[in-house]
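Here is how the chains run, residue by residue.
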Amino acid sequence: MVNFNGQLEEKVDASLTVENRGYKYGDALFETLKVVNGKIFFWEDHYFRLMASMRILRMDIPMNFTMEYLESEILKTIEANDLMSSSARVRLNIDRGEGGKYLPSENSDVSFNIVVERHDNPFYTIDDTSYTVDLYKDYFVPPGLLSGLKSNNKAIQVIGSIYAHENDFDNCLVLNTNKSVIEALNGNLFLVKGDKIKTPPLEDGCLKGVMRKQVLEILSKDVNLFVEESSISPFELQKADELFITNVIQGIVPITKYRKKSYANTFAKSIIGKLNAKARLI
């Protein structure tokens, strides 16, 4: 079952029209959510990121798009798919409806749809599985906050994922036009060197990740760490002790190899318990 503007429909019958602006122009946003036993992880952060993104794209936010309303629609969809007592991955899509060319027509209204699927692991875990990455250098992301929106314009992520698959990499790291490393294809990047932790600033063009925010909050409480949001050059990658990727679905994913350099995952393992404790407080 999928949810179209509050109405549940069978997935096989649900469809968007060819006039949908999300389909025609990428005029849409989405949030990927982890829901465990009817609890949406970090929902408040997701909601406020979504509202801020809608304002940046000059979408007219409907009066009923409250945090409580959208949460109830997500849980209604979860329940309709018999996933209230398990773990689920949810995609909440927001688009500007239909009408207009680049300029939306006056009667184009913001709409939403919700799609859910079962997700196996309710907890955030780290194992010692090999995870190899490379730089994706065919195309670059312009720095700036617009690049950090979770919009439907994901061409680099798509072709970068194809490149990674064709070359037997698990992921790729993305560069901006200043040739700074800004993120992975599916999450934010953290670099560990001794007691120093770095992650690219939002101004470099990386995603304003919800899990990035949680990890930064955890790290900020450790007085023994020096944490900074600053640009990362490709040369720093091979000098790092650890690299890891963060996203809401997987939590923390340690990178084990980049080119000829292998990495430990000791630091990543040291904070995964704190991350699970943070999620349980929801």
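Numbering of residues starts from 1 in every chain and runs along the sequence as written. Only residues with pLDDT of at least 70 get local features here, since the model is predicted, and only at 80 or more are side-chain atom pairs given and counted; chain-wide, interface and lining totals rely on the full set of residues. Think of the side-chain values as coming from all heavy atoms in the structure, minus any hydrogens and water.

Visitor: Quick one: what's the story with the overall build of the protein chain, residue by residue and with numbers?
Guide: Secondary structure is summarised from DSSP: a helix means a run of H or I of at least four residues, a strand means a run of E of at least two, and numbering begins at the N terminus for each. Check the secondary structure of the protein chain and you find seven helices and 16 strands. By the compact-globule yardstick of 19 Å for 282 residues, the protein chain fits well, its C-alpha radius of gyration being 19 Å. Buried means the residue's accessible area, taken with a 1.4 Å probe over protein chains only, is under 20% of the maximum for its type, while exposed means over 50%, and partly exposed covers the values in between. The buried share of the protein chain, reckoned over its 282 residues, is 50%. Two residues form a contact once any of their heavy atoms are found within 4.5 Å. For the protein chain, the proportion of contacts with a sequence separation of at least 24, taken over those separated by at least 6, is 70%. For the protein chain, the accessible surface area stands at approximately 14200 Å², while carbon and sulfur atoms represent 52% of it. Throughout, radius of gyration means the C-alpha value; the globule benchmark is 2.2 Å times the number of residues raised to the power 0.38. Accessibility throughout is a Shrake-Rupley quantity obtained with a 1.4 Å probe, and a residue counts as covered only by protein chains that appear here.

Visitor: An account of the sheet that holds strand 13 (residues 242–247) is needed here, citing residue identities and associated values.
Guide: Across the sheet, five strands lie side by side as 12-11-10-13-14; this open sheet has mixed pairing. Only two strands of the sheet have a single partner each, and these edge strands are strand 12 (226–229) and strand 14 (251–255). Going from strand to strand, the sheet's axes swing by 25° on average, the running direction of each strand aside. Pairing between two strands requires that DSSP report at least two bridges joining them. Across five bridges, the pairing between strand 10 (residues 188–193) and strand 13 is antiparallel. For L191, the partnering residue across the bridge sits in strand 13 and is L243. Think of each axis as a best-fit line through the C-alpha atoms, taken over the contacting stretch in the case of a helix, with angles from 0 to 180 degrees between the N-to-C directions.

Visitor: Mind laying out unusual backbone geometry, listing which residues take part and the relevant values?
Guide: Positive phi, close to 55°, is recorded for R58, a residue that is not glycine. With respect to the helices and strands, R58 occurs in the loop between helix 2 (43–56) and helix 3 (67–80). One non-glycine residue with positive phi stands out, namely D82, at about 55°.

Visitor: Talk me through the pattern of salt bridges; I want residue IDs and the actual numbers.
Guide: Here, a salt bridge means any side-chain nitrogen of Lys or Arg that lies within 4 Å of a carboxyl oxygen of Asp or Glu. Taken as a whole and judged by the stated rule, the model has 13 salt bridges. Here E236 and K198 are joined by a salt bridge, their closest N and O atoms 2.9 Å apart. Of this pair, E236 sits in helix 6 (residues 234–237) while K198 sits in strand 11 (residues 196–199), and the two are 38 residues apart along the sequence. According to the relative accessible area criterion, E236 is partly exposed, its value standing at 24%. Taken together, the salt bridges that share partners define one network made up of D45, K213, E217 and K278.

Visitor: Any chance you could break down the layout of surface pockets for me, citing the residues and the numbers?
Guide: Put plainly, a pocket is an open set of points on a 1 Å grid over the protein atoms alone with protein on both sides within 12 Å along at least five of seven lines, a cavity is a set where a 1.4 Å probe fits but cannot get out, and a lining residue has an atom within 4 Å of a point. Grid points are joined across faces, edges and corners, and a volume is the space filled by probe spheres set on the points. One number sums up the size of the largest pocket: a volume of about 570 Å³. If you go around the largest pocket, you meet 26 residues; those closest to its centre are F30, T32, K150, L185 and N186. Among the secondary structure elements, those contributing two or more residues to the lining of the largest pocket are strand 3 (28–36), helix 2, helix 4 (155–166), strand 9 (181–184), helix 5 (210–220) and strand 13. Looking at the lining of the largest pocket, its residues break down into nine nonpolar, eleven polar and six charged. As a volume, the second largest pocket reaches approximately 400 Å³. L146, S147, L149, S151 and N153 are the residues nearest the centre of the second largest pocket, which is lined by 21 residues in total. We call Asp, Glu, Lys and Arg charged. Ala, Val, Leu, Ile, Met, Phe, Trp, Tyr, Cys and Pro are nonpolar, and the rest, Gly among them, are polar.

Visitor: Which residues make up the pairing of strand 14, and what are the values?
Guide: Extensive coverage of strand 14 is indicated by the burial of five of its five residues. Note that strand 13 and strand 14 share five bridges and pair antiparallel. When the sheet's bridge partners are listed, F244 is paired in strand 14 with P254. From the end of strand 13 to the start of strand 14, which pair antiparallel, there are three residues.

Visitor: I'd like a description of the environment of E71, backed by residues and values.
Guide: Mapped onto the fold, E71 is located in helix 3. Remark: the alpha-carbon pair of E71 and K39, spanning 32 residues in sequence, is separated by 9.6 Å. Those residues in contact with E71 that sit more than four places away from it in its chain are I40 and W43.

Visitor: Describe helix 3, listing the residues and the values that go with them.
Guide: For helix 3, built from 14 residues, the straight-helix expectation of 20 Å at 1.5 Å per residue is met to within 8% by its first-to-last C-alpha distance of 20 Å. Within helix 3 the residues assigned to the buried category are L70, E73, I74, L75, T77 and I78. Any helix carries an expected span of 1.5 Å times its number of residues minus one.

Visitor: A description of the environment of H46 should follow, citing residues and the corresponding values.
Guide: Tracing the sequence through the fold places H46 in helix 2. Looking at H46, the relative accessible area reads 1%, which means it is buried. Placed 13 residues apart in sequence, H46 and L33 show a C-alpha to C-alpha distance of 7.9 Å. When residues no more than four places from it in sequence are discounted, the contact partners of H46 are E31, T32, L33, F41, V210 and V248.

Visitor: Hey, could you go over a nonpolar patch on the surface for me, with residue numbers and the actual values?
Guide: Patches here are clusters of residues that have more than 30% relative accessible area and form no salt bridge, with a 9 Å joining cutoff for like charges and a 5 Å cutoff for nonpolar side chains (Val, Leu, Ile, Met, Phe, Trp, Tyr). A cluster of nonpolar residues, Y139, V158, I159 and I162, forms a patch on the protein surface that exposes about 360 Å² of accessible area. Within the secondary structure, V158 is located in helix 4. With relative accessibility at 48%, the residue V158 sits in the partly exposed group.

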